[in-house]
Amino acid sequence: MKATKHQYDVLVVGAGLAGLRAALEVAPVSKACVLTKVYPSRSHSGAAQGGIAAALGNASPDSLEEHIFDTVKGSDYLGDQDAIEILISEAPEIIYEYEHFGVPFDRMADGRLAQRPFGGHSRPRAVYCMDYTGHVLLHTLYEQCIKQDVKFFSEFYTMSLIIRDGVCRGVVAWDTQKGGLHVFHAKAVILGTGGYGRAYKITTNALANTGDGLALASRAGIPIEDIEFVQFHPTGLYKQGILLSEGARGEGAYLTNNLGQRFMEKYAPGKMELAPRDVISRSIQTEVDEGRGINGQDYVYLDIRHLGEQKILERIPQIKDLAQKYLGVDCVTAPVPIQPTAHYSMGGIPTNNDAEVLLDGKDKKVIGLYAAGECACVSVHGGNRLGTNSLLEATLYGRRAGRSAVRFLRDEVLSSLPEDSPDDSQKRIDEIWSKNGSEMPAAIQRELQASMTTGCGVFRQEEGLRQVQEKIQTLKERYRKIRAIDRNSIFNLDLIEAIELGNVLGFAEMIVAGALNRKESRGAHFRKDFPKRDDVNWLKHTLVYRDGDTLRFDYKPVRITRYQPQERKY
Ligand SMILES: Cc1cc2nc3c(=O)[nH]c(=O)nc-3n(C[C@H](O)[C@H](O)[C@H](O)COP(=O)(O)OP(=O)(O)OC[C@H]3O[C@@H](n4cnc5c(N)ncnc54)[C@H](O)[C@@H]3O)c2cc1C
C-alpha cells in the first residue's frame, strides 16, 4: 500500500471531550497527535446544552451517595456499580479542573457555581453555561490542547485499526482534504469517536455521528456491549429531531397534551417532567398512540411561557433561538411542538474502569488500545443514561484513558513499531470507486433511518423488529450496487458518506439483533411483548460479535456493589 507514514507514541482518534481530555493528559509526556474527521470544534460535544453533573451541593444539600444511587437506579440496575462510583466520586474534581482551565460556568449570587435540576437526579446538580455548556467545554479543552502543542490532523477519516496478535499498533486514515491514505503507527491508540444517532431519522445527533468507532472495533473482532440500549430524548423539535435541552424542564417547563393536561402526573407523579428520559419518552409516545397528541398528530407541547422572557433569555436562550428558527414558534408566547428523538448510545466498545478495551468484552485486553466517551461502554449508564452524566463520563474516562496510556508507555517493554502494515483500506476505496450500479447511498440511508425510527424506536416488539431486520438485509444488498459519482481524491464527501453508510448498516443490524435478543424491558429498551424487567434471565450485559455476515451473542454479569435491584418507580 502506498501511503504516507507517521509515528507517534500516542494517537487519539476523535476531538470531542473524550479525545481532547485524553490528549491533554498524554501530550506533556509523549509525542501525541489527534485525528478527527471533522474540525475539532465541530465535534458533537459542542452541541451539548444543559449541563454536566457533579454532587457539589451548591443549590441544595447533596451527597456522592445520592448521585451514585440516582445513576444506578436511572440505569435500571444495568450499570456497573464500581464504574459508577468512580464516575461520581471524581466528578467534583472534573468540574473544578474545568473551572481552572477557564470555563465561565454560571454562578449564584454568592459566587459559587450555579446548579440546575435535571431528569432522574434527586438534587439540582447540573453545572452549566446557559444552554451552551458543551460548546464552552469543548472550546476550552481545545484551547488547552493548543497550549500544550498537541498536533491535530483535522479532516482525517480513520478507516481501520492496526491490530496484530492482540496488540494495537496504530490506524489507517484517509486525508479528506488532500486525498490519500496515511498510516499512523503508535504505541497506544485512544478512541473517542462518539455516538451513532445517525442510524435514526429523528435524531439530535450531528451528521458526523455515524458510529465509526464501533465499526472499527467490530471489524477488528472486538464485541460491542449493550448495543440495544438507545436513548430517546423526550424533547426533540417536531419533525426535525433537533434537541431542546432538558435544561428547559430543569428550569420548570411543562409537557402538555391536546387536552392541555400535564400528562406526566399519570406516569411519574413524584417527578413529573423531571422523570428520567426513558420514562418521559414512553409517556409522550403513549399519549400520541392513544390519540392525545396535539391536533391528533404525533407530537405534544413543551410549554415554557410561564418562565417569562427574562428567565428564558438568561438561562435557555438557545431553546428560544432553535424554536424560532426551525419551527417559527416564539416560545415566550406559544408552546413548542416536540417529539422523542434518538439521542445517545448507552452501549459501545467494552472497556474496564481504566478505559482499556477488552477483546472478549470481559477481561482480556487489547494491548495498547483504549476507548472513552460515547463510543465506549464502561458501563456507567447501563440501560438508561441520566442527563448531564455523559459530558462528565466523556471527560473523566477520557482523562483515565490518557493516564492509562501514559502508564503503558512507561511500564511496558515495546518492540519497535511495524515497518509496514498490510491493510485493506485501499481495496475498500477502490471497490467503492469501481461501483457503477444504480443505487444512491443517500436513498439507502434515508430508508434505513426511517425504518429504524419506526421499528426499533421508543417501543419495540418482535414483528416490527423482524421487519427492520429484513429491511436492513435488502438495504445491504442494495449497498453492494451503489454508484460512485465522485471519483476525485480531493474533499470527496461522496466517498466518506459511502463508507459511513456501510458502518451504519453494520451496527444498525446489531442494534436490531440486540433488541430482538433481549426479551425483557429495561431502561430505554422497551419490548411491548415483554413489558416487564426480568432480572432472573436478563440482569446481564450483552456482547455482540460480528463474524463476517453473521452476529454472535455472548454475555457478562453486571457488577453490583452497593445496591441490589429494586422496582424502579418515580
Ligand atoms: C444535541 C445534544 C445535546 C447534548 N447535551 C448534553 C448535556 O447537556 N449534558 C450531557 O452530559 N450530555 C449531553 N449530550 C451527550 C454528550 O454531548 C455526548 O455524549 C458527548 O459529548 C460525546 O463526547 P465524545 O467525546 O465521546 O464524542 P463527540 O463529541 O461526538 O466527538 C467524536 C469525535 O470523533 C471523531 N470521529 C468520529 N469518527 C471518526 C473517524 N472515523 N475518523 C476520525 N475521527 C472520527 C469526530 O470527528 C469527533 O471529533 C448531548 C448530545 C447531543 C447530541
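1. Some words on the environment of Gly247
Within the fold, Gly247 resides in helix α7 (residues 247–250). Considering only alpha carbons, one finds Gly247 and Gly328, 81 residues apart in sequence, at a separation of 21 Å. The contact partners of Gly247, leaving out residues within four places of it in the chain, are Arg116, Phe118 and Ile316.

2. Points about the sheet that holds strand β4 (residues 115–116)
Taken together, 3 strands build an open sheet; the order of strands is β3-β5-β4 and the sheet is antiparallel. Looking along the sheet, the strands with just one partner apiece sit at the ends: β3 (52–53) and β4. The sheet contact formed by β3 and strand β5 (residues 126–127) spans 2 bridges and is antiparallel. The partner of Ala53 across the bridge, within β5, is Ala126.

3. Some details on the nonpolar core
If you look at the biggest cluster of nonpolar residues, it comprises 74 residues, and the most contacted ones within it are Phe184, Val189, Leu191, Ile349, Leu369 and Met452. The element contributing the most residues to this core is helix α16 (residues 493–517), with 14 residues. Not counting residues up to four positions away in its chain, the partners in contact with Leu369 are Leu161, Ile163, Cys168, Val189, Leu191, Ile222, Ala355, Glu356 and Val357. Listed in part, the 59 residues of the second largest apolar core include Val34, Ala48, Ile52 and Ala83.

4. Concerning the packing of helix α6 (residues 212–219) against α16
Put simply, α6 and α16 touch, their axes get as near as 9 Å, and they point 75 degrees apart. Taken together, α6 and α16 sit at an angle that is classed as roughly perpendicular. Across from Asp212, Ala215, Ser218 and Arg219 in α6, the residues of α16 making contact are Glu500, Asn503 and Met510. Here the contact of α6 with α16 is built from residues that sort into 2 nonpolar, 2 polar and 3 charged.

5. Some points on the site of the ligand
Close contacts around the ligand come from 38 residues, with Thr36, Ser43, His44, Ser45 and Glu374 the closest. Here an oxygen atom of the ligand sits 3.0 Å away from a polar atom, N or O, in the main chain of Ala18. The dominant element in the shell around the ligand, judged by the number of residues it contributes, is helix α12 (residues 389–411), at 4 residues.

6. Considering α16
Taking 1.5 Å per residue, 25 residues should reach 36 Å; α16 reaches 35 Å between its end C-alpha atoms and fits that length. Taken across its 25 residues, α16 has 21 buried, putting it largely inside the fold. One side-chain oxygen at the N-terminal end of α16 lies 3.1 Å from the backbone nitrogen of Asp494; it belongs to Asn492.

7. Some points on the side chain of Glu520
Positionally, Glu520 belongs in the loop between α16 and α17 (535–538). Reaching out from Glu520, the side chain makes a polar contact with the side chain of Arg522 at a distance of 2.8 Å. The contact partners of Glu520, leaving out residues within four places of it in the chain, are His525, Arg527, Phe530, Lys532, Arg533, Asp534 and Trp538.

8. Side note on the side chain of Arg460
Inspection of the secondary structure assignment puts Arg460 in the loop between α14 (441–455) and α15 (462–479). In this structure Arg460 is buried but unpaired, with Glu228 as the nearest side chain of opposite charge at 7.1 Å. A polar atom in the side chain of Arg460 sits 3.1 Å from the backbone oxygen of Gly457. Side-chain polar atoms of Arg460 contact the side chain of His525, separated by 3.0 Å. If we skip the residues at most four places from it in the chain, Arg460 touches Tyr200, Glu228, Val230, Phe232, Gly455, Leu465, Ala515, His525, Phe526, Arg527, Lys528 and Asp529.

9. A closer look at the domain arrangement of the chain
Under the domain assignment, the chain is made up of domain 1 (235–343) and domain 2 (423–534). Computed from C-alpha atoms alone, the centre-to-centre distance between domain 1 and domain 2 is 30 Å. Contact residues are listed per partner, giving 7 residues for domain 1 and 6 residues for domain 2. Where domain 1 touches domain 2, the interface holds 0 salt bridges. At the surface where domain 1 touches domain 2, the tally comes to 1 residue pair in polar contact (both at pLDDT 80 or more). At 6 residues, helix α9 (residues 277–289) tops the list of elements feeding residues into the side of domain 1 that touches domain 2. Each residue belonging to the side of domain 1 that touches domain 2 can be placed in one class, and the counts come to 1 nonpolar, 3 polar and 3 charged.

10. Section: the pattern of salt bridges
A complete count under the given rule lists 59 salt bridges for this structure. The closest approach of N and O atoms between Arg399 and Glu93, which form a salt bridge, is 2.8 Å. Here Arg399, found in helix α12, pairs with Glu93, found in helix α4 (residues 91–101); they are 306 residues apart in sequence, far enough to count as distant. Between Glu287 and Arg292 there is a salt bridge, and its shortest N-O distance comes to 2.8 Å. For the pair formed by Glu287 and Arg292, the shared burial category is buried. Taken together, the shared-partner salt bridges connect Asp76, Asp226, Glu228, Asp278, Arg282, Arg518, Glu520, Arg522, Arg533, Asp535 and Arg568 into one network.

About the cut-offs
- Residues numbered from 1 in each chain as written.
- Predicted model: local features only at pLDDT ≥ 70, side-chain atom pairs only at ≥ 80, totals over all residues.
- Heavy atoms only, no water.
- Helix = DSSP H or I, 4+ residues; strand = E, 2+ residues; numbered from the N terminus.
- Contact = heavy atoms within 4.5 Å.
- Pairing = 2+ DSSP bridges.
- Core = buried A, V, L, I, M, F, W, Y, C linked by side-chain atoms within 4.5 Å.
- Buried < 20%, exposed > 50% of the residue type's maximum accessible area, 1.4 Å probe, protein only.
- Axes fitted to C-alpha atoms, helices over the stretch in contact; angles between N-to-C directions.
- Parallel < 35°, antiparallel > 145°, perpendicular 65-115°, else oblique.
- Nonpolar A, V, L, I, M, F, W, Y, C, P; charged D, E, K, R; others polar.
- Near = heavy atom within 4 Å.
- Polar contact = N/O pair within 3.5 Å; in protein donor to acceptor, adjacent residues only side chain to side chain.
- Expected span 1.5 Å × (residues − 1).
- Lys, Arg positive; Asp, Glu negative; His and termini not counted.
- Salt bridge = Lys/Arg side-chain N within 4 Å of Asp/Glu carboxyl O.
- Domains from an automatic or database assignment.

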